[in-house]
Every structure is written in structure tokens, then in C-alpha cells.
Amino acid sequence: MDDVAVFMAVYHGGGFRTAAKTLGLAPSTVSEKISALERSLGVPLFIRTTRSVTPTDAGRMMADRMAPLLGEMRTILNDVASAQRDVRGLLKLNVTGAVMVDILPPLLTQFLARHPLLKVEIMVDDRLVEATAEGCDAGIRYGEHLAQDCIAVPIGPRKQRLALAAAPVYLAARGQPTHPDGLAEHDCLRLRYSSGALIPWAFSCNGETVNVSTTGRLTMGVNGAAAAIELAKQGMGIIATFENWLQPAFTSGELAPVLASWWSEFEGPWLYFPSRFMSTPLRAFVDFLREVQGNDAPDLPARESP
């Protein structure tokens, strides 16, 4: 099993050196373990060159099938560690950065206060990865990115909106647009996903939907959303992002709403996991969410994605 764990580290890390750093081993030790595993199986798991380490078809098949098994083993070990009265062990979550601003942190504060022997590890990742394949117990994503057969529990507000905003000084100088088509004539602050795709600007009103394709004068990665909001406050242009992120600036008057009747509404985030076999820490977190947010799904039914 040690060799399999090393194999998975090489597979996910894309090379021996990265795996060695993750595992705290020498690269030569990692290479020897992979070679021993390949000899015992009688098939090559990686194609090695001086520049890269690429999994073979057999290696990819093994990784795909081993990931859930290793996850279940870790769950069993966590359950053993949590067998006493107090919940203990590790809860590992893979989450989109959008929930780390004002949704997940206050929930974690309450949850950890309730379970002082529990540890939580958060992987913030805006790529559309499978949480358990990354070694996590569960993930947090928005509804449109959930697999059809996953089990999902709502977390945070059930409805959110994509809001447009700009500083009063900017609007005084450039004017307030009256239709989304007019945004092309304005300085726009755009945000880009980690995948490289721009966050869509899609707005609707009275049955009319408009997709704005302007690239904007300034584009930032979604992880820089807080900085982009600050630039909008300084009059750099119009920004579109979560309404709840902008609300403090609306309250203070640093930003003013733009085209408010066109703001599009979408479903809030979900905690998701692929099976009904949950570790004790994950079960405790699900029970906590249902308690504080009134989630009353009786048996955590699988939720179909839209």
C-alpha cells in the first residue's frame, strides 16, 4: 500500500521530484518504489523521459480505480480515530474560491468551535476537478458544475446574483449605461477563472437575455477579485461579481449599482460528495450544516444537476 500511495503521488504530481517533495522522500526512493511496483504488476505505469513522466494507459486506469479505494481507506482510519465520544480526525475539502470570501469562513469558525479535536484542511481550487480524486472528503461547487449522481447538501445562500457596480466618480464622468449593450463603451473590470475562461457577463430583464463580450481594459484572475473591487472603488471602471461581495461597498457608498434590473440570479453553492459512505468528520459537518441552515433532506438524496 505504501507503493500505491507513492504511485498516486507521482500521478497527481506529474513527476518524481514533485511526489518526493510531497511525501518527504528522496526522488531516488520514489523512483525505486515505482519500479518495484511495475515489476510486481508486470506492466509499465509511467513513460519516463528526461523532461517528463507520463502515465501509461495502465497507469491511468490504476489511478482512476485506486483513488476512491484510498479515499475509503482514509475514511475508515478517520472513523477509527473518531470512535470516541468526541469527533476527531481530518476533514479535507476542495472548494471554489468564491465561498472563501464570506460564506465558508464563518461556518468553519462555528464548526471547529463545536469539535475542538477535529482538524480541517481546505484546498481552494477553481478548476473543475473531482474532489475525491484530489484526496478530499468532499467539495463545494455551484450547481451547474455538479455531477449528476453526486450527493449534495446546500451551503450558504440559496440564491445569489451577478451584480454590476462602479464608483460614483466614474459614473459622474462616464454616465450610467441604460442597457447591457452599452457596457462595450465603458471601461470594464473582468475576472477570469483559473481555467483561463472569462467569467461570463450574462444579464436578463423582462425575458431578454444579453451576453456581453467586451474583454475590458483590465482583466484579473478570480483570486484577485478583492483587488478588482478596490480598483472599481477608485473609479477604474465597471465590475461584475457576486452581489454579496459588493454589498459592503454599496452600503458605504463607495460603489453604486449599475443596471440593477438586469442582474442575473443563480443557484447558491453545494457541499457534494460521490457516495453515501461518509467519514465521521464529514458526517459531523453535514449534520452541522443541516442544523444551522435548516437543511432537512432526510437521507441526503442524490441531487440531479440542472
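All figures in this text were calculated on a predicted structure; none of them were measured in a lab.

Trainee: Could you give an account of the nonpolar core, naming the residues involved and the relevant values?
Mentor: Counting 64 residues, the largest nonpolar core has L164, L183, F203, L255, L271, F273 and F285 as the members making the most contacts within it. In terms of residue count, helix α9 (residues 280-293) provides more of this core than any other element does, six residues in total. With sequence-adjacent residues up to four places away left out, L164 is seen in contact with L183, W201, F203, I238, I239, A240, F250, A256, P257, V258, L259 and W263. Listed in part, the 18 residues of the second largest apolar core include F16, A19, V30 and L45.

Trainee: Go over the packing of aromatic side chains with me, naming the residues and quoting the values.
Mentor: Applying the stated criterion across every chain yields a total of 11 aromatic pairs. Note on F7 and F46: the rings are 5.4 Å apart at their centroids and 45° apart in plane angle, and the pair reads as tilted. Of this pair, F7 sits in helix α1 (residues 2-13) while F46 sits in strand β1 (residues 46-48), and the two are 39 residues apart along the sequence. Using a relative accessible area of 0% as the deciding quantity, one classes F7 as buried. The class of F46 is buried, set by a relative accessible area of 4%. A ring pair is formed by Y142 and F266, whose centres lie 5.9 Å apart and whose planes are at 65°; its orientation type is edge-to-face. Linking Y142 in strand β5 (residues 138-142) with F266 in strand β14 (residues 264-267), this pair joins segments that are 124 residues apart in sequence.

Trainee: How would you summarise the sheet that holds strand β3 (residues 89-95) if you had to cite specific residues and measurements?
Mentor: The strand order β4-β3-β5-β15-β6 describes an open sheet built from five strands, whose pairing is mixed. Here the strands that pair on one side only, and so sit at the sheet edges, are β4 (118-124) and β6 (151-154). Across the sheet, the axes of successive neighbouring strands diverge by a mean angle of 30°, strand direction being ignored. Judged from the four bridges that link them, β5 and strand β15 (residues 269-273) form a sheet pairing that is antiparallel. Bridged to G139 within β15 is Y272. On the sheet, helix α5 (residues 104-114) packs against β3, β4 and β5 and is oriented at approximately 165° with respect to β4.

Trainee: Can you tell me about the pattern of salt bridges, naming the residues and giving the values?
Mentor: Summed over the entire model, instances satisfying the criterion amount to 11 salt bridges. For D3, the salt bridge is made with K33, and the minimal N-O distance between the two is 3.7 Å. Pair noted here: D3 is in helix α1 and K33 is in helix α3 (residues 27-41), with a separation of 30 residues, a long-range link. Connected through salt bridges with shared partners, the residues R174, D187 and R217 form a single ionic network.

Reading the values: rules and limits
- Residues numbered from 1 in each chain as written.
- Predicted model: local features only at pLDDT ≥ 70, side-chain atom pairs only at ≥ 80, totals over all residues.
- Heavy atoms only, no water.
- Core = buried A, V, L, I, M, F, W, Y, C linked by side-chain atoms within 4.5 Å.
- Buried < 20%, exposed > 50% of the residue type's maximum accessible area, 1.4 Å probe, protein only.
- Helix = DSSP H or I, 4+ residues; strand = E, 2+ residues; numbered from the N terminus.
- Contact = heavy atoms within 4.5 Å.
- Phe/Tyr/Trp six-rings, centres within 6.5 Å; stacked < 30°, edge-to-face > 60°.
- Pairing = 2+ DSSP bridges.
- Axes fitted to C-alpha atoms, helices over the stretch in contact; angles between N-to-C directions.
- Salt bridge = Lys/Arg side-chain N within 4 Å of Asp/Glu carboxyl O.

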